[in-house]
Amino acid sequence: MSLKRCSFWLGLVLSMGIFAIAPADAQERSAVRQGFQLATNSNKRILVFPPSVRVGAQSTGGMFEPNAEWTERAKMNIQGALKILQAKLGNQVIVAPDADGDQARNLHEHMSLFAAISQAVIEYQFFVGNRLPTKKRDNKAEIFDWSMGQSVANLPGADSADYALFIYNKDAYGSTGRKMLQMVAMLGGVGVTSGEHVGYAGLIDLKTGDLLWLNADGAMGGDVREVDGADKRVAQLLEDFPGSQIGKAAQQ
Amino acid sequence: MTAKTRIMAVAMIATGLLSLASPSLAHKLHEKGAAVAVANAPLWVTPSRDWNQLSGRIGKYAETWTLDGGQLNDVTFYGGIPAGESLVRERSKKHDPLPKFTAETLLIEVPELVERTYRAFKGIGTFSLISTDPAPFLGKDGVRFTYEYTDDDELTRKGEARAAIIGGKLYMMTFDAPRLNYFGKTIADYRALADSATLR
């Protein structure tokens, strides 16, 4: 088979798939639990856990390959950015105490659960073309009902706060092979993404485990390996945090 | 690698990626009380609450239902897997082969078949079989087993399954959910679904 013919078939395959990739703009990114409101200076205490940060490369086939150096750098940058912005959340902020041993493992598992819930919300409630029938029904009734369960009440620092802020980031930067794939795919008239930049921020009720507010996006901005990029990322994650001025300040 | 084989490899990956990205057909609602045949088999269940059937299938003989998304609660029906077939579709027969259900597979060996399939298909390292007990399924001698594993999303999930071998084919229902909150919240709904299952 000639290269020209290969390119034709590739173009055809990719063109057929053009409708399979939904435009990211068509998707909601944020939601609030029905009836939940948080006013500025309402005497509510917000427990802030250290953000979960995973950074690596994306192989040609799309697999995540962790990079310890990038992860450490991003973790430092994101924590630095959060330290500045958490003062603007509009309510009293409590930094979660250090956890180790079983407590650290338990917190890590809850963070993973938060990520799985956020992913399910994006995939099955935010993504218009892929909503589960029961979630479609919820959307019509303006119901946003997701929960991490009451075990959140046992997390370190939970007894001294009302709500907890969970932040999860996973960044996979496209490898050379992935970028090549993206370029070849472009010839076929369709966008194959190179890199994955996932960010979720959620406010959890520490008594019930209910998800009160979520900002979740599978295509975040900001290179978290750089200080400026991490600042942009954290501002984006917290831009419409209930009761805060962060979004308004960013727009000015 | 020649330029031709490189382009062919990229094309294959592109096709794979697109098929993964495709939401294909819409997910389907199964309403409480309405009996329905599942997994293209004469396997019928009557749900005790509304469930969503995911549009994608992980195998020719499999069908998945969920309440909140496969990450959070996953009921998979395996509707009569014949000898020589794997539980789920193989990604690559050459590079990523999956264990097969065979004519010699005993009921007591089914939990191990599930474990080996999960390890290979989900790429997990940690899988523990918690219990295996005889328990009727679809009105025949069957096995009921429980397990726990940690996926590559670093979330520990618990699972419970019921299986029976009838007419040389494997019928099975599995339930998988994070051990935090979701497993306990939905296990009774899964058991009610499994209790309602019949072969017609």
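Just so it is clear, the model here is predicted, and its values are computed rather than measured.

### Here we look at helix α3 (residues 182-196) of chain B
So, step 1. Spanning 15 residues, α3 of chain B covers 22 Å between terminal C-alpha atoms, matching the ideal 21 Å at 1.5 Å per step.
So, step 2. Regarding α3 of chain B, the residues found buried are Y182, F183, T186, I187, D189, Y190, L193, A194 and S196 of chain B.

### Comments concerning the sheet that holds strand β10 (residues 143-150) of chain B
Strands belonging to one sheet form pairs held by backbone hydrogen bonds; the direction of such a pair is parallel or antiparallel.
Residues and elements named next belong to chain B.
So, step 1. In space, the 8 strands of this open sheet follow the order β1-β4-β5-β6-β12-β11-β10-β9, with antiparallel pairing throughout. Edge strands, defined here as strands with exactly one partner in the open sheet, are β1 (28-30) and β9 (126-134). Strand after strand, the sheet turns through a mean of 25° between neighbouring axes, direction not considered.
So, step 2. Relative to strand β12 (residues 169-178), α3 is tilted by about 160°, and along the sheet it contacts β4 (51-53), β5 (62-66), β6 (74-81), β10, β11 (156-166) and β12.

### Looking at empty space enclosed by the protein
So, step 1. Across all of its chains, the model carries 1 cavity of 30 Å³ or more by this definition.
So, step 2. Every residue lining the largest cavity is listed: S52, R54, H108, M111, S112 and Y168 of chain A together with D153 and E154 of chain B.
So, step 3. When contributions to the lining of the largest cavity are tallied by element, the ones reaching two or more residues are β3 (52-58) and α3 (101-126) of chain A.
So, step 4. Element by element, the count of residues in the lining of the largest cavity is highest for α3 of chain A, at 3 residues.
So, step 5. Here the residues of the lining of the largest cavity sort into 2 nonpolar, 3 polar and 3 charged.

### What about the sheet that holds strand β13 (residues 198-199) of chain B?
Residues and elements named next belong to chain B.
So, step 1. Read across the open sheet, the 3 strands follow the order β2-β3-β13; overall the sheet is antiparallel. Each edge of the open sheet is held by one strand with a lone partner, namely β2 (36-38) and β13.
So, step 2. Alignment of β2 against strand β3 (residues 43-45), held across 3 bridges, turns out to be antiparallel. Along β3, the bridge assignment pairs A37 with W44.

### Observations regarding the pattern of salt bridges
Pairing between side chains of opposite charge can happen when the charged atoms of each approach one another.
So, step 1. A full pass over the atoms with the stated rule returns 26 salt bridges over all chains.
So, step 2. R225 of chain A is paired through a salt bridge with D223 of chain A; the nearest N and O atoms lie 3.0 Å apart.
So, step 3. Notably, a salt bridge pairs D189 of chain B with R49 of chain B, separated by 3.1 Å at the nearest N-O pair. Within this pair, whereas D189 of chain B is found in helix α3, its partner R49 of chain B is found in the loop between β3 and β4, the two being separated by 140 residues in sequence.
So, step 4. Within this structure, R33, D145 and D210 of chain A form a network of salt bridges that share partners.

### Side note on the packing of aromatic side chains
The way to describe two aromatic rings as a pair is by their centre distance and the angle between their planes.
So, step 1. In this structure the tally under the stated criterion is 18 aromatic pairs over all chains.
So, step 2. When the centroid spacing of 5.2 Å and the interplanar angle of 55° are considered together, the rings of F49 of chain A and F166 of chain A count as tilted. Separated by 117 residues along the polypeptide, F49 of chain A in the loop between β2 (45-48) and β3 and F166 of chain A in strand β6 (residues 163-174) bring together distant segments of the chain. Neither F49 of chain A nor F166 of chain A differs from the other in exposure class; each is buried.
So, step 3. Between the aromatic rings of Y118 of chain B and Y149 of chain B, the centroid separation amounts to 5.3 Å while the plane-to-plane angle is 90°, which identifies the pairing as edge-to-face. Taken as a pair, Y118 of chain B in helix α2 (residues 110-122) and Y149 of chain B in strand β10 lie far apart in primary sequence, 31 residues in all.
So, step 4. Take Y118 of chain B: its relative accessible area is 7%, and that puts it in the buried class.
So, step 5. Through a chain of ring-to-ring contacts, three or more aromatic side chains come together here, namely Y118, F127, F145, Y147 and Y149 of chain B.
So, step 6. The ring of F64 of chain A carries the charged tip of K170 of chain A above its face, separated from the ring centre by 4.6 Å.
So, step 7. The lysine or arginine in question, R225 of chain A, covers the ring of W70 of chain A, its NZ or CZ lying 4.5 Å from the ring centre.

Cut-offs used in this document
Residues numbered from 1 in each chain as written. Chains lettered and ligands numbered in written order. Predicted model: local features only at pLDDT ≥ 70, side-chain atom pairs only at ≥ 80, totals over all residues. Heavy atoms only, no water. Helix = DSSP H or I, 4+ residues; strand = E, 2+ residues; numbered from the N terminus. Expected span 1.5 Å × (residues − 1). Buried < 20%, exposed > 50% of the residue type's maximum accessible area, 1.4 Å probe, protein only. Pairing = 2+ DSSP bridges. Axes fitted to C-alpha atoms, helices over the stretch in contact; angles between N-to-C directions. Contact = heavy atoms within 4.5 Å. 1 Å grid on protein atoms, 1.4 Å probe; cavity = no way out; pocket = protein on both sides within 12 Å on 5 of 7 lines; lining within 4 Å. Points joined across faces, edges and corners; volume = space filled by probe spheres on them. Nonpolar A, V, L, I, M, F, W, Y, C, P; charged D, E, K, R; others polar. Salt bridge = Lys/Arg side-chain N within 4 Å of Asp/Glu carboxyl O. Phe/Tyr/Trp six-rings, centres within 6.5 Å; stacked < 30°, edge-to-face > 60°. Lys NZ or Arg CZ within 6 Å of the ring centre and 35° of its normal.

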